[in-house]
Amino acid sequence: MSHRNTSLVRFRTLGIVCGPTPVFVNSLGSNGFFTAVAPLERSFQLFNVENLHLIFLSKEIPSKEQISCVYAHNEFTFAAAGTKIFIYKRADSYASARDNQDEARIFKLLVLGDLVIAAVSDNTVRIWNWATKEFVKTISFEPHFVVTTFIHPSTYVNKILVASADGRLQLWNFASLTMIYEFPSLSSPILTLAQSPAIDVIAIGTQDGRILLKDIKTNVPIKQFYQESQSPVTAISFRSDDDSPVPMMASGGADGSVFIWDLEKNVLVVRVAAGEGDAHGEAVHTAQFLSGQPVLVTASGDNSIKEWIFDNDNGHPRLWKSRSGHRDPPNRIRFVGPDPTTIISSGSDGSLRKYSTIQDQRNLEFSRKNAESKKFSAVTLDGRPNPIIHFDACESGVNDWDDIITVEANSHLVKTWRLKRGAIGKHQLAVTDKTPAKVRFISPCGNFVFVGSAKGGIDMYNIQSGHLKGTFPTARGHSKAIVGLAADSLSEKLVSASLDGTVKIWGIKKRSLLETITFSVPVSGMTFHKESNIAAVACDDLCVRIIDIEVGKVVREFWGHRNRILDMSLSPDSRWLLTSGLEGNIKLWDIPSSTLIGSLRVDPATSVSFSVDGNYIATSHVNNRGVVLWANTTLFDISSSAIPVDLRVPEEEDDDLMNTGRDDSLTLNEEDDPNNELIRLSSLPLSRVQLLLNLESIQKRRKPAEKLQKPDNVPFFLGALGSTSGDTSFKAASFDFVEANTDVSKRLIMDFNDSTADWHVEYLDTLLQLSPSALDLEIRSFGPSDFEPFLDILLQNSSNLSNYEFVQCVLSIFLEAHGSDLILETGKHVQKKLNQVKDSVAASWRVLEDLFHANLAVLEHLRT
């Protein structure tokens, strides 16, 4: 694996609710507080069943294996991965258990008192004592009896009922390791077992869609049901509340359907079919009635948990609450509006979703249930909405009209949405040339929509009324599909990019062509920064080019990607460019210096986006249903970042990682500047200098206003909320943390003398290596006898214009700390040195001032 440090470190993942592993519903206490433990790949989430709010997210388990099953017992959670069981008390790791087998995998857990019983893929059932963390015993089965699941029948002490893939059942006493009875085969693999409210009666679900209620005490079949289309039975549960008019049973199918059965009349009450209404889109692996309540909790591998309430007289359930994410990996994400915490995402599953980076309860899916929009709601052959391939949102915030537009695959209609209502809007905007729409753009004012077509046409609509305002001329327009549209901050110029290899600049008011920039290769994408009027275009030669729209020229070229560029995003200050490639690299470029800051080797990122305040970066990936947040560590006192292993995939070493299209080997030698007329900056980062200048205020701000006190009677889940920074959706072995070197230096004892010819150079180099606090202490520790030698050092470096910003910073701190002592100092040598330093600083400033004036004159000339 190859990687390089960047200024990004993974923060958390949004939009992951549950995976393909069954969810466990547990009751805590006697007040009806239910929790749902949803296992993810290497961690688990705990939801409050009452409102489906996220209580906490656990830390990642210390294992390379993914979590295969979970079980909740009181306040403990048991998570199995490989042959190891990890035990958590709330969100904190409590213990672990395992035996010496390394190749098998645990796929079913059951906790009885101090015993943990696990079904393992090597066709055994193993038992641990989790209180003493000791392995107890193993139950082995014959080769033809392949264990699929097991259950502990109610009131059967030390007994488990084990099911096999050939349809047989065996009742075992795990205390004596003896088989009590074997039931005849059902001629179909048994997938699930459930205890009914009646003693001795077990529900058996099979691969061929049968549900058999059997009395295991007498081995007598009681009732039998068949799921429609012979859908395999994946989950079974019984209703137990007193308000139920008839005894009911719920079952889940492998196609995502939920079946409700009347056990008194032996009939199917209703089927919530897959692909219809609010049903699941994949196999229902969890179906559980809440004890004493008319509420059914279901979960599926389609990344959703749903609660159904039975409050109708006909016994039909209705969707009560739900938590869900994208069914398929999102293909486009963007931070929208002035709120830096809001992300909009779209996916090939046809859904449009909003995520909050600070509060999980604000996440929602945009509703399509709008009576006015039903006439143009399009679905695919399987009943799912058409995939959304592109969208744009108004940057000015929440308007009193529709402010989001989406483009669907192979459709010439563009739909409008309302962010404030979280629902589809009133209009559909048609492409005038009747070809599929490719991209769209909302003007910065939020009043106009520009739509680009597959034929190269550009239409302009008023988003409030939905009326066509005009079409840009095709005679001088693009000849192939539009791949990018953007407008400047005053909505005077429109920039369009096309597969025909051109970028065109239009006047919006007259819809006239102003300028054309032609490339020798097709343009595949574009992003635009309206404040600085620069556009970044991705070309098919794997180069990203920066265009200054004011002058209509390419000003930067960035080379380094090895496959098609998928997406780009500019930082709010337009200094950074983020690009993602199909080869799996996310690259961060510094535009002014034309350099590559860093690169992350990850699963291919289909979309990337800077937050509006620059604090976070969001990415979506081909194999991930969530939205990954990365923190911008340049805003913190961190010298390096940890790059997660789980996003990386193997690749050969990136030889051209730093290839940016320019020569970076330029160095400054003495021969190049014989008269010392050029200003040389130190190698310190700007944040180091700023921290040093503001050290006093920072230290003052960091002092606590009052002594912190631990509050009394804190609810158990509040202490775990801080753990939500863990990721849950990537295949990772571990994190690679790179710790910063924070050497705390004491006061330097420097003998100011000229015994060494280069003593001033050595001392300045030592100062450059000190931390801000140590350097501040060194300067403030000077005595009157140190003033003159120190001024000599500053004078020499200010006269030859080396380490310019560092010398100015140190001089500022020196004068602030010892200004009063310098005024009282009567020595002629010190006063002379001060005057020399003053003249040298003034001379160096005149050099900078001349450069500033020259640059301002050039910019003014270009502008006019």
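The preceding data block contains the structure.
Residues numbered from 1 in each chain as written. Predicted model: local features only at pLDDT ≥ 70, side-chain atom pairs only at ≥ 80, totals over all residues. Heavy atoms only, no water.

Student: Mind showing me how you'd approach the overall build of the protein here?
Tutor: In terms of helices and strands, the protein carries 7 helices and 58 strands. Residues classed as buried in the protein amount to 52% of the 864 residues present. In the protein, the share of contacts with a sequence separation of at least 24, taken over all contacts with a separation of at least 6, comes to 49%. Accessible surface for the protein amounts to roughly 40,100 Å². Of this, 50% is attributable to carbon and sulfur atoms. (Helix = DSSP H or I, 4+ residues; strand = E, 2+ residues; numbered from the N terminus. Buried < 20%, exposed > 50% of the residue type's maximum accessible area, 1.4 Å probe, protein only. Contact = heavy atoms within 4.5 Å. Areas by Shrake-Rupley, 256 points an atom, 1.4 Å probe, with all protein chains shown as cover.)

Student: Looking at this structure, I do not really get the sheet that holds strand S56 (residues 627-632). What am I missing?
Tutor: Strands belonging to one sheet form pairs held by backbone hydrogen bonds; the direction of such a pair is parallel or antiparallel. Across the sheet, 4 strands lie side by side as S1-S56-S55-S54; this open sheet has antiparallel pairing. This sheet does not close on itself; its edge strands, each paired only once, are strand S1 (8-14) and strand S54 (605-610). For this sheet, the mean angle separating the axes of adjacent strands, direction not counted, is 25 degrees. Pairing analysis gives 6 bridges linking S1 to S56, with the strands arranged antiparallel. (Pairing = 2+ DSSP bridges. Axes fitted to C-alpha atoms, helices over the stretch in contact; angles between N-to-C directions.)

Student: In this structure, what is going on with the side chain of glutamate 307? I would like to understand it.
Tutor: Inspection of the secondary structure puts glutamate 307 in strand S28 (residues 304-309). Lysine 321 is the oppositely charged side chain nearest to the buried, salt-bridge-free glutamate 307, at an N-O distance of 4.8 Å. Those residues in contact with glutamate 307 that lie beyond four places of it in its chain are Val49, Leu52, Val295, Leu296, Val297, Arg318, Leu319, Trp320 and Lys321. (Lys, Arg positive; Asp, Glu negative; His and termini not counted. Salt bridge = Lys/Arg side-chain N within 4 Å of Asp/Glu carboxyl O.)

Student: How do you make sense of the sheet that holds strand S31 (residues 342-347) when you look at a structure like this?
Tutor: Strand order in the open sheet formed by 4 strands is S30-S31-S32-S33, with antiparallel pairing between adjacent strands. In this open sheet, the two edge strands, each paired with only one partner strand, are strand S30 (330-335) and strand S33 (364-365). Two elements, strand S32 (residues 352-356) and S33, share 2 bridges in a ladder whose sense is antiparallel. The residue bridging arginine 353 from the neighbouring strand is glutamate 365, located in S33.

Student: Explanation requested: helix H6 (residues 804-824) in the structure shown.
Tutor: Relative to the 30 Å expected for 21 residues at 1.5 Å per residue, H6 spans 28 Å between its end C-alpha atoms, a close match to the ideal helical length. Along H6, the sharpest change in direction is near 70 degrees and occurs at histidine 818. Along H6, the positions that sit buried rather than exposed are Tyr804, Glu805, Phe806, Val807, Cys809, Val810, Leu811, Ile813, Phe814, His818, Gly819 and Leu822. (Expected span 1.5 Å × (residues − 1). Bend = angle between axes of the 7 residues up to and from the residue.)

Student: Explain the pairing of strand S50 (residues 565-570) here, please?
Tutor: Walk down a regular strand and you will see the side chains alternate between the two sheet faces. In terms of residue burial, S50 counts as a mostly covered element, since 5 of its 6 residues are buried. The pairing of S50 with strand S51 (residues 576-581) spans 5 bridges and is classified as antiparallel. The partner of aspartate 567 across the bridge, within S51, is serine 580. Linkage of S50 to S51, two consecutive antiparallel strands, is achieved through a turn of 5 residues, within which serine 574 is found at a positive phi near 60 degrees.

Student: Just to check I follow, could you spell out the packing of aromatic side chains for this structure?
Tutor: A full pass over the atoms with the stated rule returns 22 aromatic pairs. Between phenylalanine 259 and tryptophan 261, the aromatic rings sit 6.1 Å apart at their centres with planes inclined by 20 degrees, giving stacked as the arrangement. Side by side, phenylalanine 259 and tryptophan 261 carry an identical accessibility label, which is buried. Taken together, the ring pairs in this structure connect Phe782, Phe787, Phe790 and Phe814 into an aromatic cluster. The ring of tryptophan 320 has lysine 321 sitting right over it, with the charged end atom 3.0 Å from the ring centre. (Phe/Tyr/Trp six-rings, centres within 6.5 Å; stacked < 30°, edge-to-face > 60°. Lys NZ or Arg CZ within 6 Å of the ring centre and 35° of its normal.)

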